[in-house]
Amino acid sequence: MTARTNRLGRSALTGLTWLVALLFVFPVIWMVVTSFKHEVDAATDPPTFAFAPTLEQFTTILDRGFLPYLANSAFVTVLSTALVLLLGVPAAYALSLAPVKQTSNALGFFLSTKMLPIVAAIIPLYIISQNLGMLDNVWALIVLYAGMNLPLAVWMMRSFFLEVPTEMIEAARVDGAKLPTVLYRVILPVVAPGIAATALICVIFSWTEFFYAVNLTAAQAGTVPVFLVGFITSEGLFWAQLSAAALLASLPVMIVGWIAQNHLVRGLSMGAVK
Amino acid sequence: MAQVAYAGASRVYPGAHSVRAVDGLDLCIGDGEFLVLVGPSGSGKSTALRMAAGLEDVDEGSISIGDRDVTHLPPKDRDIAMVFQSYALYPHMSVRENMAFSLKLRGMSKSEVNAKVEEAAELLDLTKYLDRKPKALSGGQRQRVAMGRAIVREPSVFLMDEPLSNLDAKLRVETRANIAALQRRLGTTTIYVTHDQVEAMTMGDRVAVLRDGVLQQCASPRELYDTPRNVFVAGFIGSPAMNLLTLPVDGDGVKLGELKVQLPVRVEPGEVTVGIRPETLSLVGAAEDGFELQVELVEELGADAYVHGTLAGHADKIVVRADGRTPPRLGEAVRVAVRDTGEVHVFDPESGLRIGAE
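Residues numbered from 1 in each chain as written. Chains lettered and ligands numbered in written order. Predicted model: local features only at pLDDT ≥ 70, side-chain atom pairs only at ≥ 80, totals over all residues.

Asker: Would you mind going over the pairing of strand β4 (residues 60–65) of chain B with me for this structure?
Answerer: Remark: a regular strand shows side chains that alternate across the two faces of the sheet. All names here are of chain B. Pairing of strand β1 (residues 4–13) with β4, which is carried by 5 bridges, proceeds in the antiparallel orientation. Directly across from Ser 10, in β4, lies its bridge partner Glu 60. Here 2 bridges tie β4 to strand β5 (residues 68–69), and the two strands are oriented antiparallel to one another. Bridging from a neighbouring strand, Ser 64 pairs with Asp 69 of β5. Between the antiparallel neighbours β4 and β5 lie 2 residues, among them Gly 66 with a positive phi of about 65°. (Pairing = 2+ DSSP bridges. Helix = DSSP H or I, 4+ residues; strand = E, 2+ residues; numbered from the N terminus.)

Structural data, given as structure tokens:
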């Protein structure tokens, strides 16, 4: 009897899971489907599934100069994430494995930089950028995105570093390794999945960032989110075009996420101790 | 050429209440000797070992290895190898790479590294597992890899920090014997930390007992067992522990219930602490000389049985070793005699020190 109720309960749970998953994925499906429609089919209410698929929207988007925006986004995302890792990995190491008296204050300081709403800082940032001649410049975005992601990345990576067994580091020291060797050949390989996870988060945040981008850039340094809002015009929404652009905009992140997934699920310390 | 000498070595953890984790340790470990550091948790035994490794600062005194003062040298310059309690293997490296790591860092040629790793693997029965990662090994195999990592380096000193405490009981006994045999074969000076006094007694040439950072006694296992220098060592070494009772002196002896026990040394009138091992006591017939014990617990171990009870008119618990085939029942009153009064230990109740030279 219990076996049957178990099976029943399990099917119910499976059904519920599917339902929730569909609910979450529905907008994405809608977006994908709409991107292959003509603008006329996209505007019908209720939405129709019977339509002649077309690549018209994609070609329109490319004609409207999507690629430079995509290039800007890729450049800003890759460089700001690299900058975050370059600065964040040593910081996380110092704040976890080589703590000093002021470590907790330093951690608090990092966190405090996230407490100010971006809106409150945008006017000074705008003026500073203007004075430096950095308006509509990708390098301004790289610095800002690195600054935006760094505190979070340091906190995240610190928690991964904390899980590194201290005895393993001591073993490496006894084995004759100096600090750089310990860091690069013993600690980093162990925390690599954590660093991959952190990098992925930074990539997503930089890729989807809109507020800085829309305020500090124009035609030269605009990123993909800025390009997307170009479809919201006074003449109305172009659903099919917007969907096609959104699909292209989200593809790179999906691909990166899919690649990183294998690294993410791998266990962190993988049998170092016990 | 690799004796290890602690000279007044101390480790003081600073703070409002500074803690002397190791306090003025004077200890000399001879070349090729297997010395066991033993003590309860918090006794400073691991700290003392880590001071020799260079993983813990030496705040006072000095430590030398061979004829070199290593007090302020980093671990890599001390020519030591350490086996950690958690094994501390590198999880992203195969067994081979784990063992080769230190040799590669020394710039040894690839063929030489391989030869040494394979020789050590042979010795430890790890040849089959050389290309596995630590996560694909059992606890015992991981322990052997940790040993192998130490052996390949051919250091002048092995430092082992409770290397068996993560193994199950059967494997621990087996590995215990293997490590002791291996050390004899290699002849490498070894300092071995454990809280397990059976390991201490069976493995060490000499055993150093620590308590609150202070060395209590350092002697051969036999000597520690037969002539503990103070009450702490007497109670710590031996399982089950020695019975320790503080009693008034009665002439040239003490009275255990109605039994007069003659002491092997002369004592001043007053009180003394008497130590009697469970095997020095035996159960006797009702007619014979002895004292009465109320049985509260019987631990049957097969060959032996340990009878726990309270002495009439005393709060102290007493443990007696009895024949495993005919143990008394719970609640029964049994008669207990002292087999040999020469094996009774006598201590000063104030200072805890042993009375009598021998």
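Asker: Got a minute to help me understand the nonpolar core in this structure?
Answerer: In globular proteins that are soluble, nonpolar side chains generally tend to be buried together. Grouped together as the largest cluster of nonpolar side chains are 153 residues, with contacts concentrated most on Leu 141 of chain A together with Leu 37, Met 82, Leu 159 and Ile 191 of chain B. Here the element with the most residues in this core is helix α7 (residues 138–162) of chain A; it accounts for 15 residues. In contact with Leu 159 of chain B, not counting residues within four places along its chain, are Leu 49, Ala 52, Ala 53, Ile 80, Met 82 and Ile 191 of chain B. (Core = buried A, V, L, I, M, F, W, Y, C linked by C-beta atoms within 7 Å. Buried ≥ 20, exposed ≤ 12 C-beta atoms within 10 Å, placed from the backbone. Contact = placed C-beta atoms within 7 Å.)

Asker: What is the right way to read helix α4 (residues 66–97) of chain A from this model?
Answerer: Every α-helix carries 3.6 residues per turn, so stepping three or four residues along brings you back to the same face. Taking 1.5 Å per residue, 32 residues should reach 46 Å; α4 of chain A reaches 45 Å between its end C-alpha atoms and fits that length. In α4 of chain A, a bend of some 30° at Gly 88 of chain A exceeds every other bend along the element, and Pro 90 of chain A, a proline, comes one to four places later. (Expected span 1.5 Å × (residues − 1). Bend = angle between axes of the 7 residues up to and from the residue.)

Asker: Is there a simple way to explain the confidence of the model for chain A in this structure?
Answerer: If pLDDT is low for a region, its predicted coordinates should not be looked at in detail. Confidence in the prediction for chain A averages 87 pLDDT; 93% of positions are at 70 or higher. Below a pLDDT of 50 lies the segment residues 267–274 of chain A, which in the model reaches 27 contacts outside its immediate sequence neighbourhood of four places, other chains included. (pLDDT = per-residue confidence, 0-100.)

Asker: Looking at this structure, how should I read the sheet that holds strand β13 (residues 259–262) of chain B?
Answerer: Sheet strands associate in pairs through backbone hydrogen bonding, adopting either a parallel or an antiparallel arrangement. Residue and element names in this part refer to chain B. Ordered by their spatial adjacency, 5 strands build an open sheet running β13-β12-β11-β14-β20, and the pairing between neighbours is antiparallel. Among the strands making up the open sheet, the edge pair consists of β13 and β20 (345–347). When strand polarity is set aside, the average angle formed by the axes of neighbouring strands in this sheet is 40°. In the sheet, strand β11 (residues 243–250) pairs with strand β14 (residues 271–276) via 6 bridges, with the strands oriented antiparallel. (Axes fitted to C-alpha atoms, helices over the stretch in contact; angles between N-to-C directions.)

Asker: Is there a simple way to think about the domain arrangement of chain A in this case?
Answerer: You'll often see interface size given as the accessible area lost when the parts meet. Residue and element names in this part refer to chain A. The domain boundaries assigned to chain A delineate domain 1 (2–35) and domain 2 (65–265). For domain 1 and domain 2, the distance between their C-alpha centroids amounts to 33 Å. The interface is formed by 4 residues belonging to domain 1 together with 6 residues belonging to domain 2. Within the side of domain 1 that touches domain 2, the residues separate by chemical class into 2 nonpolar, 2 polar and no charged. (Domains from an automatic or database assignment. Nonpolar A, V, L, I, M, F, W, Y, C, P; charged D, E, K, R; others polar.)

Asker: Looking at this model, I keep getting lost on unusual backbone geometry. Mind explaining?
Answerer: Glycine aside, the phi torsion of most residues is negative, and most peptide linkages are trans. Residues and elements named next belong to chain B. Across the junction of Ser 239 and Pro 240, the peptide omega takes the value -5°, indicating a cis bond. Residues other than glycine seldom take positive phi values, yet Glu 154 does so here, at roughly 45°. Summarising the element assignment, Glu 154 is placed in the loop between α4 (139–151) and β7 (157–161). At Asp 212, a position not held by glycine, the phi torsion is positive, near 50°. With respect to the helices and strands, Asp 212 occurs in the loop between β9 (206–211) and β10 (214–219).

Asker: Help me understand the sheet that holds strand β6 (residues 80–83) of chain B, please; the structure alone is not making it clear to me.
Answerer: Residues and elements named next belong to chain B. Strand order in the open sheet formed by 6 strands is β6-β7-β8-β3-β9-β10, with mixed pairing between adjacent strands. Two strands bound the open sheet, and with one partner strand each, they are β6 and β10. Averaged over all adjacent pairs, the angle separating strand axes in this sheet is 20°, with direction ignored. Summarising the sheet, strand β3 (residues 34–38) and strand β8 (residues 189–194) pair through 5 bridges and their orientation is parallel. The residue of β8 that forms the bridge with Val 38 is Thr 194.

Asker: It is not clear to me how the interface of chain B and chain A should be interpreted in this structure. Could you clarify?
Answerer: Tallying the contact residues gives 22 residues for chain B and 20 residues for chain A. Across the side of chain B that touches chain A, the residue classes tally to 15 nonpolar, 4 polar and 3 charged.

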